[in-house]
Amino acid sequence: MARMSIQALRDSVERIYTLPVLPGILKKLLGLVENPRVSLNEISDFVSSDPSLASRVLRMVNSPVYGFPGRISSVNQGVILLGLNVVKGLLLGVTVFDLMQRSMVGLWEHSVGCAVVARIIAKRMGFKEPEEISVGGLLHDLGKVILILQFPKEYGRAMGLAEVGGRTIGEAERDCFPANHASAGAWVAKKWSFPRNLTDMIEYHHKPHLARVASYQTAVVHLSDVLIRGRGYGFAGDEGVPPVNPATWERFRFTKEDVKKILAEAEDALEMTKGLVL
Ligand SMILES: [Fe+2]
Ligand SMILES: [Fe+2]
């Protein structure tokens, strides 16, 4: 394939709607979520009207990815408790579950693992909305899913390059695409009118020092991504563990003991999410 322009790549990524793999209900859902003026009631009604979607949402809300395992029994209650922005992210997480499973073995586990660790760190640091950061952890590698779905051959080449060359998947993507998964994910997040904090977490999770509006949340997601890779949970496209951004280390100043404690706390939740099939 001739090297595509960044605009051509962006156009294809934003046309994710047209993918034949997306079932009708999810297309409708994405259309709903894209509307910046959508209300909590509309979302709740839509989710409740589809039993399979409703049960997936409930399974997700009650999983250790969020902070309320086993405590939410209705879609309405979940939506109200979590708030619009978190629910939008959660719905997208539910939506991309199939796609993640299909696109890269282990990426779902990597994403859930990152979400779990991110919530633990956010709570530990006294952050008021740890769920928001959970969603960032869950969706940070969304761009990989989209690139794989739209360009399976090229992405396969990138994964091959990462495997034999011992490089990160992000570096290998650069050889095959004019932009990496972080940019691709951010384009979709913007197209779907995601909250700016979430878009920031997706766009800058490998360069948290560049985050614009959610520098703290982005740093948490970045650190969680590295920690969950180090823990060897799931698969994100390469076997390496990238270094933690120096500014992020400086910000949290975790000792080895702190990191051990965070990962120990994550173990139970990871065990519980192992069977999390939506
Ligand atoms: Fe990433
Ligand atoms: Fe990742």
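Visitor: Sorry if this is basic, but what is going on with a positive patch on the surface here?
Guide: On the surface, R3, R157, R174 and K207 cluster together into a positively charged patch. Topologically, R157 is positioned in helix 10 (residues 152-165).

Visitor: Please explain the coordination of the iron ion (ligand 1) as it appears in this structure.
Guide: In a perfect tetrahedron of four donors around a metal, the angles come out at 109.5 degrees. In a perfect octahedron of six, they are 90 or 180 degrees. The coordination sphere of the iron ion (ligand 1) contains the protein donors D141 (OD), H181 (NE2), H205 (NE2) and H206 (NE2), at a distance range of 2.1 to 2.2 Å. Of note is the iron ion (ligand 1), whose four donor atoms meet at the metal with angles of 83 to 174 degrees in an arrangement that counts as irregular. Between consecutive donor residues of the iron ion (ligand 1), the sequence gaps follow D-x39-H-x23-H-H. Separating the iron ion (ligand 1) and the iron ion (ligand 2) is a distance of 3.7 Å, and D141 donates to both of them. Taken as a pair, D141 in the loop between helix 8 (130-139) and helix 9 (142-150) and H181 in helix 12 (residues 181-191) lie far apart in primary sequence, 40 residues in all. Judged by its relative accessible area of 1%, D141 is buried.

Visitor: Looking at this model, I keep getting lost on the coordination of the iron ion (ligand 2). Mind explaining?
Guide: The coordination sphere of the iron ion (ligand 2) contains the protein donors H110 (NE2), H140 (NE2), D141 (OD) and D225 (OD), at a distance range of 2.2 to 2.4 Å. A relative accessible area of 1% means that H110 is categorised as buried.

Visitor: How should the environment of M104 be read in this particular structure?
Guide: For M104, the position within the fold is in the loop between helix 6 (84-103) and helix 7 (107-124). Residue M104 is classed as buried on the basis of its relative accessible area, which comes to 3%. Separated by 100 residues in the primary sequence, M104 and M4 have C-alpha atoms spaced 23 Å apart.

Visitor: Looking at this structure, I do not really get helix 4 (residues 51-61). What am I missing?
Guide: For the α-helix, the turn length of 3.6 residues means that residues three or four positions removed from each other point alike. Of all the residues in helix 4, the buried ones are L53, A54, R56, V57, M60 and V61. End-on, the buried residues of helix 4 take up no more than an arc of 165 degrees, which puts them together on one face. In this structure, the buried residues of helix 4 make contact with helix 2 (24-34), helix 3 (40-49), helix 5 (75-82), helix 6, helix 7 and helix 8. The opening residue of helix 4, the one whose side-chain oxygen lies 2.7 Å from the backbone nitrogen of L53, is D50.

Rules behind the numbers
- Residues numbered from 1 in each chain as written.
- Chains lettered and ligands numbered in written order.
- Predicted model: local features only at pLDDT ≥ 70, side-chain atom pairs only at ≥ 80, totals over all residues.
- Heavy atoms only, no water.
- Patch = residues over 30% accessible without salt bridge, like charges linked within 9 Å, V, L, I, M, F, W, Y side chains within 5 Å.
- Areas by Shrake-Rupley, 256 points an atom, 1.4 Å probe, with all protein chains shown as cover.
- Salt bridge = Lys/Arg side-chain N within 4 Å of Asp/Glu carboxyl O.
- Lys, Arg positive; Asp, Glu negative; His and termini not counted.
- Charge placed at Lys NZ, Arg CZ, Asp CG, Glu CD.
- Helix = DSSP H or I, 4+ residues; strand = E, 2+ residues; numbered from the N terminus.
- Donors = N, O, S within 2.8 Å, 3.2 Å for Na, K, Ca; no water.
- Tetrahedral: all angles 85-135°; square planar, octahedral: opposite > 155°, others 65-115°.
- Buried < 20%, exposed > 50% of the residue type's maximum accessible area, 1.4 Å probe, protein only.
- Arc of directions from axis to C-beta.
- Contact = heavy atoms within 4.5 Å.
- Polar contact = N/O pair within 3.5 Å; in protein donor to acceptor, adjacent residues only side chain to side chain.

Don't take any of this as a statement about function, it's just geometry.
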